Amino acid sequence: MSRYDASDIEPKWQAAWEQAGSFLARRDESKPKYYVLEMFPYPSGRIHMGHVRNYTMGDVIARYKASCGFSVLHPMGWDAFGMPAENAAMASGGHPKDWTYDNIATMKQQMKPLGLSIDWSREFATCDPEYYGQQQSMFLDFMEKGLVYRKAATVNWDPVDMTVLANEQVIDGKGWRSGAPVERRELTQWFFHISDFAEELLEAIDGLDDWPEKVKVMQRNWIGKSRGLQFSFSMVDGPHGHDRIEVYTTRPDTLMGASFVGISPDHPLAKMLERERDDVAAFNAKARQMGTSEEELERAEKLGFDTGLTVRHPFDTSWELPVYIANFILMDYGTGAIFGCPAHDQRDLDFARKYELPVISTYAPRDDEGHVLPESGGDAYVPPKSEKVHYVKGFAGDAMQTGEEGIDSAIAFCEANGVGQGVTKFRLRDWGLSRQRFWGAPIPVVHCDDCGVVPEKKENLPVELPYDVSFDIPGNPLDRHPTWRDVPCPACGKPAKRETDTMDTFVDSSWYFARFTAPNAATPTDPEEAAYWMNVDQYIGGIEHAILHLLYSRFYARAMHICGHLPASAIEPFNALFTQGMVTHEIYVTRDEKDRPVYHLPEHIEWTESGARLGATGEPVEVIPSAKMSKSKKNVVDPETIIRDYGADTARWFVLSDSPPERDVEWTAAGADAAYKHLARVHRIIAEIAESSDDGSKEADIELTRAMHRAIQDVTMGIESFGFNAAIAKLYAFTNTLQKSKAGTDAKREAARILAQLMSPMTPHLSEECWRLLGGEGLVTGAPWPVADESMLVEDTVTLPIQINGKRKSELTVAKDLAKEEVEKLVLADNAVVKALDGGAPKKLIVVPGRIVNVVL
RNA sequence: GCCCGAGUGGCGGAAUGGUAGACGCAGCGGAUUCAAAAUCCGCCGGUAGCAAUACCGUGGGGGUUCGAGUCCCCCCUCGGGCACCA
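Criteria and thresholds
- Residues numbered from 1 in each chain as written.
- Chains lettered and ligands numbered in written order.
- Predicted model: local features only at pLDDT ≥ 70, side-chain atom pairs only at ≥ 80, totals over all residues.
- Heavy atoms only, no water.
- 1 Å grid on protein atoms, 1.4 Å probe; cavity = no way out; pocket = protein on both sides within 12 Å on 5 of 7 lines; lining within 4 Å.
- Points joined across faces, edges and corners; volume = space filled by probe spheres on them.
- Helix = DSSP H or I, 4+ residues; strand = E, 2+ residues; numbered from the N terminus.
- Nonpolar A, V, L, I, M, F, W, Y, C, P; charged D, E, K, R; others polar.
- Pairing = 2+ DSSP bridges.
- Axes fitted to C-alpha atoms, helices over the stretch in contact; angles between N-to-C directions.
- Contact = heavy atoms within 4.5 Å.
- Parallel < 35°, antiparallel > 145°, perpendicular 65-115°, else oblique.
- Left-handed = near helix turned anticlockwise from the far one by under 90°.

## Some thoughts on the layout of surface pockets
Gaps between atoms show up when a probe of the same size as a water molecule is rolled over them.
Next up, step 1: In this model, the second largest pocket occupies a volume close to 470 Å³.
Next up, step 2: Secondary structure elements with two or more residues in the lining of the second largest pocket: helix 2 (49-67) and strand 2 (71-73).
Next up, step 3: A total of 4 residues in the lining of the second largest pocket trace back to one element, the largest contributor, which is helix 2.
Next up, step 4: Classifying every residue of the lining of the second largest pocket by side-chain character gives 12 nonpolar, 10 polar and 4 charged.

Here you go:
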């Protein structure tokens, strides 16, 4: 009998699947289809355990669904454009293309030994000209349908490197390379009209039944539909025709508590003042010395500049409010101007106290006992809008009403009195897709002095990225590439210049799922293939993509439908979504002479009785609790090493077994050892059973068969509900039962065959091996999934716990369907109950049939 | 700062509002062995107790309920996102 040797078993069965073409997706109209997709990887260089976990989960689903008779599509590709390739080119020369394709080759070579049931014939990278050429073609379609436009928008500008910075390249308000304070700068950029779809994208969330509730909540909040009042303050002696300031507020019910008006440094009025007054110019310049991210603006100290100008309150023209320029107000939101009500907004309150502005409550708690008014030094009073409050300075509706009612009546009152109108706004902004970078899909338009912005002709696509470029000076090489940049105008033929902005990589990942249905089509999609394979039935990826990637894809699918590239049924492209957790690991750190941390790889650590030490020097090592595996912290284990030492099945089993899939899993060497030992044990048990021939007792046969059907039921439910760890726990239990069983060989062989099959989505190689040992027909991959016999699942008796006052004191084993009255009699006769009642009668006797009994004294 | 999650033994975790700790790891005891590895069997939340058993226990504090890890309110800690990281 051979020992379990993964390095022997795994390549053998991978070759068998390859030869059988087991994973080629075939369009078969006679079968139901199932499209399972994991978020495709960025080719960073090497795969990591997070990838292994993500793809293993998808693989379990893909293999299970194939066994259930579905025609399965399970493809893989590469999200291959992006900054790291460009950074690598800057750091060590070379071309981003070579770096990227080298990485893809390495990572594919690392993924293959995992034995994933992927149809590799559909593989592509988003940096393939065939792919981004189709994307450019769709961009032209979008232009034609009015889904794209240009406008000015702010970017992070590094004044030393003379280049645009990504948010992650801005560290503490400074450029990551130059260290120079970044500036906000306006550039004309390309935008998708995603905000036109805000209402629809919001409403359609309700139909996403198989998406996690938290993702739906995050998307709803992101779209941020609000009802509010838009109106203008008239200015007192407004300069140069600026006689009004238009504001939008979601809390018009606090209008009588307004104490100042704030405008963005980029507001037209602020810009006008800036030209005339040095002090305003200085303040605005300082305010612009900040990154563009919302997070940075919110965290920064709130600063204001008193312009000396005032506006009149719409309901009391003798009441004048000061106008401040404030660094936390963005021109992109609403009207770029707000009124501040310090009593009911903590940020406004902080601002008011700083600049000694009045604080006026418009409402207070109904029961204001213990409530310290913000006027008297308390915090801003910000109750939920659904809570009833007492309006002390309201101007419409009842004195006692909820915030929502207060807002509604305030809007109605203002409209009736000619002060502005109620409007619905969305927080969602249009999707800026321009990137001033090289390594992305070129935006296929040409700028002509005569004709303006001219779309490239479709027959000239793809507009391919040039190879003869260098990255030794900052900025986009496309900007300074004369032969690539200087082209004739597609409309008039005169000399013109190509657009040098490339597309956001979110564009690439917003339709790759559709391209997988026909990866070689001469158009973006093939209608028949898209109709058959779309939608993605199960999408799996990280929670970090909960908002942007998924929202953009939902928009993009709609835009593709408008242009005829997807059927109407595919505008919500992901039927079910699962967000898996990360793989974490402990961090090992020592200190250098300057007390800076030095990180060490897990494989360099040795464990002694006195703790962790560095293997090479014996130096003690500090162990920091688990965090996401990252190269910088060196808390990584290389899947390649794990596969070499234990085999792919062990890696797959471990990442599924130890934690619920939506939670983080901590990689531990002990856990990997345990997984390996268990697989070896299964192999041994099954090999023994395959060689044995015993008669067992009939009772043992029935008992084992019952356990087998129970296992089929539990494991199937586990997989269906993404409870992989629970399914694996049942498989452990069933293995224990099988090992201890006194059943005869026939019953044991059947149970062993079912065990191998139930394990096959998780450990496909081992399962094939066991299947063969047991004389199973063909490959277990593709063998029909077993179905539990319902009659074998039913138990005749149940054990009811007996609680006294909610605490378990005894138990009672009765026939499953014993009448409630009979149960009550038996309960009252129970020793523990008799003792507790001490001759008295229970106050209450609760019998939940088949579950529990509670005696209340 | 704003939005969304998560917190259960030494560890990973299980538990349609119904016996908290399934299953696994580590640990302890035993069998096997010349010995070890491997394997097999048993024990394994805390406190008190020889024991039977009692009390405590799901991040902290309140609440709803016959009954709360699970539902509600407040708080703490950790993680994800915040529109140019992917």
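## Describing empty space enclosed by the protein
Next up, step 1: By the definition in use, this model includes 1 cavity of 30 Å³ or more.
Next up, step 2: What the largest cavity holds in volume is close to 30 Å³.
Next up, step 3: Every residue lining the largest cavity is listed: Asp 253, Tyr 391, Gly 394, Phe 395, Ala 396, Gly 406 and Ala 410.
Next up, step 4: Here the residues of the lining of the largest cavity sort into 4 nonpolar, 2 polar and 1 charged.

## Concerning the sheet that holds strand 35 (residues 844-848)
The strands making up a sheet are joined through hydrogen bonds of the backbone, oriented either antiparallel or parallel.
Next up, step 1: The 4 strands lie next to each other as 34-33-36-35, forming an open sheet whose pairing is mixed. At either margin of the open sheet sits one strand with a lone partner, and together these are strand 34 (807-815) and strand 35. Averaged over all adjacent pairs, the angle separating strand axes in this sheet is 20 degrees, with direction ignored.
Next up, step 2: Here 8 bridges tie strand 33 (residues 797-804) to strand 34, and the two strands are oriented antiparallel to one another. Bridge pairing in strand 34 places Gln 803 opposite Arg 808.
Next up, step 3: Across the sheet, helix 25 (residues 820-829) lies against strand 33, strand 34, strand 35 and strand 36 (852-856), angled at about 125 degrees from strand 35, the strand it touches most.

## Quick look at the packing of helix 2 against helix 21 (residues 698-720)
Next up, step 1: Look at helix 2 against helix 21: their axes get within 10 Å of each other, and the N-to-C directions meet at 125 degrees. In terms of their interaxial angle, helix 2 and helix 21 are classed as oblique. Read as a crossing pair, helix 2 and helix 21 show a hand that is left-handed. The segment helix 2 lies against helix 21, with Val 60, Ile 61, Tyr 64 and Lys 65 engaging Thr 716, Ile 719 and Glu 720.
Next up, step 2: Looking at side-chain class alone, the contact of helix 2 with helix 21 contains 4 nonpolar, 1 polar and 2 charged residues.

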